[in-house]
There are 2 protein chains.
Amino acid sequence: MKLLELIQKRQSDRKYTSQPVAEDQIVACLEAARLAPSACNSQPWKFVVVNQPELVAQVGEAAAGLGMNKFAREVPVIVAVVLEKMNLTARIGSVIKDKEYSLLDVGIAVEHFCLQAAELGLGTCIMGWFDEKKVKRLLGIGNRRVPLLITLGHPAGATREKVRKSQDEIVSWNKY
Amino acid sequence: MKLLELIQKRQSDRKYTSQPVAEDQIVACLEAARLAPSACNSQPWKFVVVNQPELVAQVGEAAAGLGMNKFAREVPVIVAVVLEKMNLTARIGSVIKDKEYSLLDVGIAVEHFCLQAAELGLGTCIMGWFDEKKVKRLLGIGNRRVPLLITLGHPAGATREKVRKSQDEIVSWNKY
């Protein structure tokens, strides 16, 4: 499959079949994330794969607040993405240039995960809205941030058309 | 090409041939970026493509500080990634959950760009270290952040082996 087809196929899948996800497929998605680039090759991430059904339901419940992410209560797998300390070079750069490279890095790694899932015929949804304290308590994550959760499963819905701004709206040449 | 091969092929390319990059290839990379997911579909990005040789040299010079990114002075194309305001939903979420979704989003879009370039046989380098004020002045970018620059060209070097932590170091199951 061409990359563009893969990009079209990757979408926020919020409904999954009851089929469990094979462990080797989860590992394949993690492998894509593992190879992601990061500022100064810091790799400031850890991935906690949750696939014990009771624990998945609890973590999913923590994502289902204020009417958001209700679907997360019934998903086969959730991966919690933990922000780890960058290496010294990246930390110094982040301070001097006043930008948090590690969030840029995590975005890249998470998207590798999701594109790999799409290639395997799996569906994902990246969630930024959840009760972070509760998730950290459930998974034993101490003094670290959890910027994102990813749900993973066999999608039960069809591929939707993407709604995006046009290139005219987001691209300019040699001048802003 | 399988996604994993593409991921292996994408690397920080710091040396390019003198061959210019065809405009339709640049547009193809931008198309991959355009279709990237973002929090609340905010698409908080603009891409300024710099391909006028004199201007590229000036922007590249702004990236070559303190002995870093010297190669950027001689590249065919530089794309400046501008952080735009998120939509209201994403902004509220960012404040309540105390995380800057837009940086995660920009990471994803930039990686789409780079993976698409790799598929086309082009090379990229994502740069987070540069004189942002100077870049903004050169391109007429007002009161906005420029978190990243991307260089683009026909790579002159070979594909290197990736150095990454092992899965054992970055993955755990059902517990941090």
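As a reminder, the structure under discussion sits directly above these lines.
Residues numbered from 1 in each chain as written. Chains lettered and ligands numbered in written order. Predicted model: local features only at pLDDT ≥ 70, side-chain atom pairs only at ≥ 80, totals over all residues. Heavy atoms only, no water.

Caption draft 1: Seen up close, the packing of helix α2 (residues 23–34) of chain B against helix α5 (residues 101–119) of chain B. All names here are of chain B. Here α2 crosses α5 at 140°, and the two axes come no closer than 7 Å. Here α2 lies oblique to α5, going by the angle between them. The crossing of α2 and α5 is right-handed. Together, Ile-26, Ala-28, Cys-29, Leu-30, Ala-32 and Ala-33 of α2 and Ala-109, His-112, Phe-113, Gln-116 and Ala-117 of α5 make up the contact between the two elements. (Axes fitted to C-alpha atoms, helices over the stretch in contact; angles between N-to-C directions. Helix = DSSP H or I, 4+ residues; strand = E, 2+ residues; numbered from the N terminus. Parallel < 35°, antiparallel > 145°, perpendicular 65-115°, else oblique. Left-handed = near helix turned anticlockwise from the far one by under 90°. Contact = heavy atoms within 4.5 Å.)

Caption draft 2: Highlighting the pattern of salt bridges. For the structure shown, the criterion picks out 12 salt bridges over all chains. The partner of A:Glu84 in a salt bridge is A:Arg144, with the nearest N and O atoms 2.7 Å apart. One end of the pair, A:Glu84, is in the loop between β2 (77–83) and α4 (88–97); the other, A:Arg144, is in the loop between α6 (132–139) and β4 (145–153), and 60 residues separate them in sequence. A relative accessible area of 11% places A:Glu84 in the buried class. Under the relative-accessibility criterion, A:Arg144 is labelled partly exposed at 31%. A salt bridge links B:Arg73 to B:Glu61; the nearest nitrogen and oxygen atoms lie 2.9 Å apart. (Salt bridge = Lys/Arg side-chain N within 4 Å of Asp/Glu carboxyl O. Buried < 20%, exposed > 50% of the residue type's maximum accessible area, 1.4 Å probe, protein only.)

Caption draft 3: Here's a closer look at the packing of helix α3 (residues 53–63) of chain B against helix α6 (residues 132–139) of chain B. Residues and elements named next belong to chain B. Running from N to C, α3 and α6 cross one another at 160°; their axes reach a closest spacing of 8 Å. Taken together, the axis directions place α3 and α6 in an arrangement best described as roughly antiparallel. Between α3 and α6 lies a crossing whose hand is right-handed. Contacts from Leu-55, Gln-58, Val-59 and Ala-62 of α3 reach α6 at Lys-134, Val-135, Leu-138 and Leu-139.

Caption draft 4: The arrangement of the sheet that holds strand β1 (residues 45–50) of chain A in detail. Strand order across the open sheet formed by five strands is β3(A)-β4(A)-β2(A)-β1(A)-β5(B), with mixed pairing between neighbours. Sheet topology places β3 (123–127) of chain A together with β5 (171–173) of chain B at the edges, where each strand pairs with a single neighbour. Direction aside, the axes of adjacent strands within the sheet are offset by 20° on average. Pairing of β2(A) with β4(A) involves six bridges; the strand directions are antiparallel. Its bridge partner being in β4(A), A:Val79 is matched across the sheet by A:Ile150. Against the sheet, helix α5 (residues 101–119) of chain A touches β1, β2, β3 and β4 of chain A, its axis set at about 5° to β4(A). (Pairing = 2+ DSSP bridges.)

Caption draft 5: Seen up close, the relation of the copies chain B and chain A. Mapping chain B onto chain A calls for a rotation angle of 180° and an axial translation of 0.0 Å; the resulting RMSD is 0.0 Å. Here the transformation between the copies is reduced to the relation of a two-fold axis. Most of the interface of chain B is mirrored in chain A, where 100% of its interface residues again form contacts. (Least-squares fit on C-alpha atoms with pLDDT ≥ 70 in both.)

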